Every structure is written in C-alpha cells, then in structure tokens.
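Tertiary structure, described
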Amino acid sequence: MKTALRLALATVLSTGAVWATASVPAASAAAEPLRYVALGDSFAAAPLVPPVDPADLRCLRSLADYPHIAAEALGAKLTDVSCSGATSGHLSTAQHPGTAPQYEALKPDTDIVSITIGGNDTDLFNEVLGCVNILPQPHGTSCAEKNTAGGTDKVRARIDAWAPSFAAVLDGIARRAPRAEVFVVGYGDYFRTDGCHPAQPFWKQDANHLQGAVNHLNTVLKQTAEKHRAAFVDTYTPGTGHDVCAAPADRYIEGLIPTRAAAPLHPNASGARAVGEALAAAVRAT
C-alpha cells in the first residue's frame, strides 16, 4: 500500500514538474513586448511638440506623440510612421522622396496597429482656415453659410464620399497584418459650443459647423471601424473642456496662435498624452 502510495505521489510530482517546466516558455513568450505600428497624419504625429523624431524631419513627428505615449504605457515595441500631411493614399505610396509608404511598416507578426486618418483626405483642416474671421459679424463671410448653401452640407458630403476609401484602408491593414488588433483613433474636441470669438477668430455658427464636421468624421471612422472588426478610440470625450477656447494651460488642442510648442489646431504635449492614455486603455480592455 505504502509502495503504491509512493509511486502515485512520485507520478503526481513528476507530472507537476513537467507542467511547471512546460509553462516557462509560455510565460517567456507572454513577456515579449507587443509589436505596435502607428499609422496616420499630423493628429497622430503631433507636429512641433518636442522632442522631434529625427528619423524623418519632413514628417514633423514628435517623440512625445500619442503612439509613443501608448507604447510606453503598454511596454510595446513601437514603429511610428505617422507623418504630418498624410492622406490615406500615403499608406500605399511615398509621401516624400525616400519616405517609405506607411503600409510597409506592417508585418505578419504585428500585434497592434493604430491609425488616425481622414482629416487631409476630406480637406477638413484647410476648411478651418477658410472660416477665420478676425472681425465680428457682419464684417466677413460665414463658412457655415457658404458650405450649407442649397441645403447640402458640402463638408459632410465629402466625408461620406471618402468613407469607402477608409474601408479599403482597413482591409489593406488586415491583409498586411492579419493577426493585429486595429485601433482607429478619432479626432478631438476642437471647438466648444458657439466657440469663443474673438479669443479664437471663428464666429459661433462657424465654430459649431467645424466641430460638427469633425464629429461627423469621427462617426464615419467609428462606423467603418466596427464593420471591419476594428476598435474605435474616442478622443473627443477625454478632450471635453480642453478645446482651443480653454485657458492655455488647460488646452489639449492649440488655437490658431499656439501658446505652447505645437502646430496650430493640433494636439500639444498634454493632448498627445491624453490620447495616448486613452489608446493604451483601449488596448488593455481588448
């Protein structure tokens, strides 16, 4: 009886040792950093936020942009190819001589992909510059009235027309990085309701029109992401109260004349950090 018991105990201990030994490689594999590729335009690149990424100065990419913040929080190995001025076309074609198409950063073993794109494709940010009015009404022209003349919002129509191109972008990512979780990062809260003219030179109807267009682009990004099994990261909500009308120290998006190191109407270091933290939280939730 004792002999049988000893044999049984030896078998259990031996089996346990095998399990323990077998679990070591699995634990080591789990400890490997996630392979993270960041794609996108200047909202991702955070132009003029120091320190500047020396890898390609033409992209005005910051080493403190939201991909770097998220990668640090996740302990991920980052390849950041976001570039100021990028359109969805620059994912597959070179944006500058000697700059590789952004898709080339994607690999079969990529674990995470983030992307912010669409603002340049839809000419949304150039539209903002056409809405500037230094003087109060009626000394100027309302871009909201111009863009909605005839009953159709021309800016929103451009966004809707671009939506299939974004769907093709997500398909392109899936082909090149089939195992990756994809995170579509939206654009933020630029203008509070009615704006804050003259502190920021946009009449109230124009501020509402512009933020409405940003919100519509976010909706298109979110709906398209969901149809393609990608996650959408909301950056509007964490940015509420930190728009261009906020006190300079509280802004996540700089105004037309920046008060901190950042490009006009782009995330500053605080904004990039808030977006990076939101992205990291979304990755952990997944």
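None of the values given here were measured: they were computed from a predicted structure.

Let's talk about the overall build of the protein chain
Scanning the protein chain from N- to C-terminus turns up nine helices and five strands. Listed by position from the N terminus, the elements making up the protein chain come as α-β-α-α-β-β-α-α-α-β-α-β-α-α. Put simply, the protein chain has 286 residues, and 47% of those count as buried. Considering only contacts within the protein chain whose residues lie at least 6 apart along the sequence, 70% involve residues at least 24 apart.

Considering the pattern of salt bridges
By the definition in use, this model includes 11 salt bridges. Here Arg179 makes a salt bridge to Asp111, at a shortest N to O gap of 2.5 Å. Pair noted here: Arg179 is in the loop between α6 (154–176) and β4 (181–185) and Asp111 is in the loop between β2 (77–80) and β3 (112–116), with a separation of 68 residues, a long-range link. Judged by relative accessible area, Asp111 falls into the buried class, the value being 12%. The salt bridge involving Arg156 is made with Asp153; its shortest N-O contact spans 3.7 Å. Judged by relative accessible area, Arg156 falls into the partly exposed class, the value being 34%. Connected through shared salt-bridge partners, Arg35, Asp109, Asp111 and Arg179 make up one network.

Regarding the side chain of Ser82
In this fold, Ser82 is placed in the loop between β2 and β3. Within the local environment of Ser82, its side chain forms a polar contact with the side chain of Asp80, the two groups lying 2.8 Å apart. The contacts of Ser82, once residues within four sequence positions are left out, are Ala38, Leu39, Gly40, Asp41, Ala44, Ala45, Cys59, Arg61, Asp65 and Gln102.

Quick notes on unusual backbone geometry
Cis geometry is adopted by the peptide bond preceding Pro51, which originates at Pro50 and carries an omega value of -5°. The topology assignment puts Pro51 in the loop between α2 (42–45) and α3 (66–74). Of the consecutive residues His197 and Pro198, the connecting peptide bond is found in the cis state with omega at 10°. Inspection of the secondary structure puts Pro198 in the loop between β4 and α7 (204–227). The backbone phi angle of Asp194 is positive, close to 70°, even though this residue is not glycine. The phi torsion at Arg229 lies on the positive side, around 60°, for a residue other than glycine. Its place among the elements puts Arg229 in the loop between α7 and β5 (231–233). By relative accessible area, Arg229 is classed as exposed at 82%.

Digging into α6
An ideal rise of 1.5 Å per residue puts 33 Å on 23 residues; α6 measures up with 34 Å between its terminal C-alpha atoms. Of all bends in α6, the biggest is about 35°, found at Ala163, and the proline Pro164 comes one to four residues later. Looking at α6, one finds that the buried residues are Val155, Ile159, Trp162, Ala163, Phe166, Ala167, Val169, Leu170, Gly172 and Ile173. Packed against the buried residues of α6 are β1 (35–40), β3, α4 (124–129), α5 (143–147), β4 and α7. Structurally, the start of α6 carries an N-cap: the backbone nitrogen of Val155 is 3.1 Å from a side-chain oxygen of Asp153.

Focus: the sheet that holds β1
Strand order in the open sheet made by the five strands is β2-β1-β3-β4-β5, with parallel pairing throughout. The strands lining the two open edges of the sheet, one partner per strand, are β2 and β5. Pairwise comparison of adjacent strand axes, ignoring direction, gives a mean angle of 20° for this sheet. Strand direction decides the pairing type here: β1 and β3, joined by five bridges, are parallel. Looking at the pairing, Val37 lines up with Val113 of β3. Contacts between helix α9 (residues 269–285) and the sheet are confined to β1, β3, β4 and β5, with β4 contributing the most and set at about 150° to the helix.

Some points on the confidence of the model for the protein chain
Residues at a pLDDT of 70 or more form 90% of the protein chain, whose mean pLDDT is 90. The low-confidence segment residues 1–29 (pLDDT under 50) makes zero contacts with residues lying over four places distant or belonging to another chain.

Comments concerning the pairing of β1
In the case of a regular strand, side chains alternate between the two sheet surfaces. Within β1, five of the six residues are buried, which leaves the element mostly enclosed by the surrounding structure. With four bridges joining them, β1 and β2 adopt parallel strand pairing. Residue pairing for β2: Arg35 is matched across the bridge by Lys77.

Description of the nonpolar core
Ranked by size, the top nonpolar core spans 62 residues in total, and within it Tyr36, Ile173, Phe191 and Leu279 carry the most contacts. Those residues within four positions of Leu279 in sequence are excluded, and the remaining contacts are Tyr36, Tyr66, Ala70, Ser114, Phe183, Val185 and Val233.

How each quantity is defined
Residues numbered from 1 in each chain as written. Predicted model: local features only at pLDDT ≥ 70, side-chain atom pairs only at ≥ 80, totals over all residues. Heavy atoms only, no water. Helix = DSSP H or I, 4+ residues; strand = E, 2+ residues; numbered from the N terminus. Buried < 20%, exposed > 50% of the residue type's maximum accessible area, 1.4 Å probe, protein only. Contact = heavy atoms within 4.5 Å. Salt bridge = Lys/Arg side-chain N within 4 Å of Asp/Glu carboxyl O. Polar contact = N/O pair within 3.5 Å; in protein donor to acceptor, adjacent residues only side chain to side chain. Expected span 1.5 Å × (residues − 1). Bend = angle between axes of the 7 residues up to and from the residue. Pairing = 2+ DSSP bridges. Axes fitted to C-alpha atoms, helices over the stretch in contact; angles between N-to-C directions. pLDDT = per-residue confidence, 0-100. Core = buried A, V, L, I, M, F, W, Y, C linked by side-chain atoms within 4.5 Å.

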